[in-house]
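Chain residues, written in single-letter form:
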Amino acid sequence: MNFLNITNDLINIFPELIIILSIILSLLFACHKNSLNKIFYTSAFGLLIPFVCYAFLGKEIFLQSFSSSLQLDKFSLFFILLILFSSIITLFISQKKLFLSEEKRGEFYIFLLSATLGAIFLTKAAELISIFISLELLSISTYFLISCSKNKTNSTEAVLKYFILSSFTSAFLVYGFSLLYGLTLKTNLIEIYNVLVANNTMYSPISITAFLMIFVSVGFKTSLLPFHMWTSDVYKGADPAVNIFLSCSSKFAVFSLLMKLISVNPYIIYFVYFIAISTITIGSLLAIRESNIKKLLAYSTVAQAGFILSGLVIFNNGYNLAPMFYYMFVYMFMNIACWIVVELFSN
């Protein structure tokens, strides 16, 4: 019986296993000279095959794996498709020699695969430990992606700032998780919600504090106010291919996590109201006075994050997510196009 359960779990994460296999093969190819094309094609297949697998799944799908620590439903499926598509575009753009130094492109492909893997697992995660591991896999891989730049001075400053601030906010995340576990003695999100409702502790000070601590980390990853201070400098120091991943794949994954958190404790929605309005307003105002095109687009992603967050607020009030999904879909294409045009004209 256990063997059958493990087999079913592995089948449910077959697309992720393809990405893991691609990472292993790319690492093996990297040990040899003149293997850049092999790494690229391995990475391309490692992203295209999972995209095709998920694209042919039905909208009403619901799969649980590894004792419900991973969960795939129609909402997470949409986020995964957006993540994979933007990662594929990032991969093919970086292959055109416009963005990356030759010696760093091989490692860029490998870290792009691992970051995408972390983003997908984060989208499917339904348990505190799996959320933390997925988020850290995404974050650590992103550090290396930012460092893969032609401009070594700017990229070093950008990755150092992102690393220090991200590590600091990860501490808030872990502390929030520990408070939740201490309050409910559960790690599964659905079980946490049931315990909070049963014990009437949904709006207790410890519960609200825990979710606000978690929101600090989530707000940092999605560039929400007032955790947006890193965005302009990091986007300026990173290459456009990396900025596409940061503003699309990474952001979509963390927004899927935020949607789960809001559904677990709806009382934080009043705080989210204020954050969404402030992010839209301040992000737009900061973009107006900016003369550097990379920083301008960075502040634009801050404002767009506020608009996406407002869609989550509407969802919590009983409306469907179709308008927000449409907005994210258009945002992804427009954002990719903007970064490509910026790089082409800068050359």
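Cut-offs applied
- Residues numbered from 1 in each chain as written.
- Predicted model: local features only at pLDDT ≥ 70, side-chain atom pairs only at ≥ 80, totals over all residues.
- Heavy atoms only, no water.
- Phe/Tyr/Trp six-rings, centres within 6.5 Å; stacked < 30°, edge-to-face > 60°.
- Helix = DSSP H or I, 4+ residues; strand = E, 2+ residues; numbered from the N terminus.
- Buried < 20%, exposed > 50% of the residue type's maximum accessible area, 1.4 Å probe, protein only.
- Disulfide = S-S within 2.5 Å.
- Core = buried A, V, L, I, M, F, W, Y, C linked by side-chain atoms within 4.5 Å.
- Contact = heavy atoms within 4.5 Å.
- pLDDT = per-residue confidence, 0-100.
- Salt bridge = Lys/Arg side-chain N within 4 Å of Asp/Glu carboxyl O.

Scanning the model with the defined rule gives 22 aromatic pairs in all. Relative to Trp339, the ring of Tyr235 has its centre 6.0 Å away and its plane inclined at 45°; by these criteria the two rings are tilted. Residue Tyr235 is found in helix H10 (residues 231-237), and its partner Trp339 is found in helix H14 (residues 322-346); the two are separated by 104 residues along the sequence. Trp339 gets classed as buried once you look at its relative accessible area, which sits at 0%. An aromatic cluster of three or more residues is present, and its members are Tyr143, Tyr162, Phe163, Phe220, Trp230, Tyr235 and Trp339.

Let us look at the state of the cysteines. Taken as a whole, this structure holds zero disulfides when the rule is applied. Not part of a disulfide, Cys248 finds its nearest cysteine sulfur in Cys338, a span of 10 Å. Judged by its relative accessible area of 0%, Cys248 falls in the buried class. Since its relative accessible area comes to 31%, Cys338 is described here as partly exposed.

A few words on the nonpolar core. One finds Ile146, Phe252, Leu258, Leu309 and Leu312 to be the most contacted residues of the largest nonpolar core, which totals 102 residues. Among the elements that take part in this core, helix H11 (residues 240-264) stands out by supplying 16 residues, more than any other. In contact with Leu309, other than residues within four places in its own chain, are Leu224, Phe255, Leu258, Val272, Ile275 and Ala276.

So, about the confidence of the model for the chain. Mean pLDDT over the chain stands at 82; residues scoring 70 or higher make up 91%. The least confident element of the chain is helix H1 (residues 2-12), whose mean pLDDT is 75; the most confident is helix H2 (residues 14-29), at 89.

Let us look at the environment of Ser263. Tracing the backbone through its elements, the reader meets Ser263 in helix H11. Residues Ser263 and Phe177, 86 residues apart in the sequence, show an inter-C-alpha distance of 16 Å.

In the structure shown here, the tally under the stated rule is two salt bridges. Close ionic contact of Lys124 with Glu16 constitutes a salt bridge, the shortest N to O distance being 3.4 Å. Pair noted here: Lys124 is in helix H5 (residues 105-124) and Glu16 is in helix H2, with a separation of 108 residues, a long-range link. Note on accessibility: Lys124 and Glu16 belong to one class, buried. Lys295 serves as the salt-bridge partner of Asp233, at 3.7 Å between the closest nitrogen and oxygen. Placement of the pair is Asp233 in helix H10 and Lys295 in helix H13 (residues 293-316), with a sequence separation of 62 residues. Look at Asp233 and you get partly exposed, because its relative accessible area is 24%. Among the residues examined, Lys295 registers a relative accessible area of 19% and is labelled buried.

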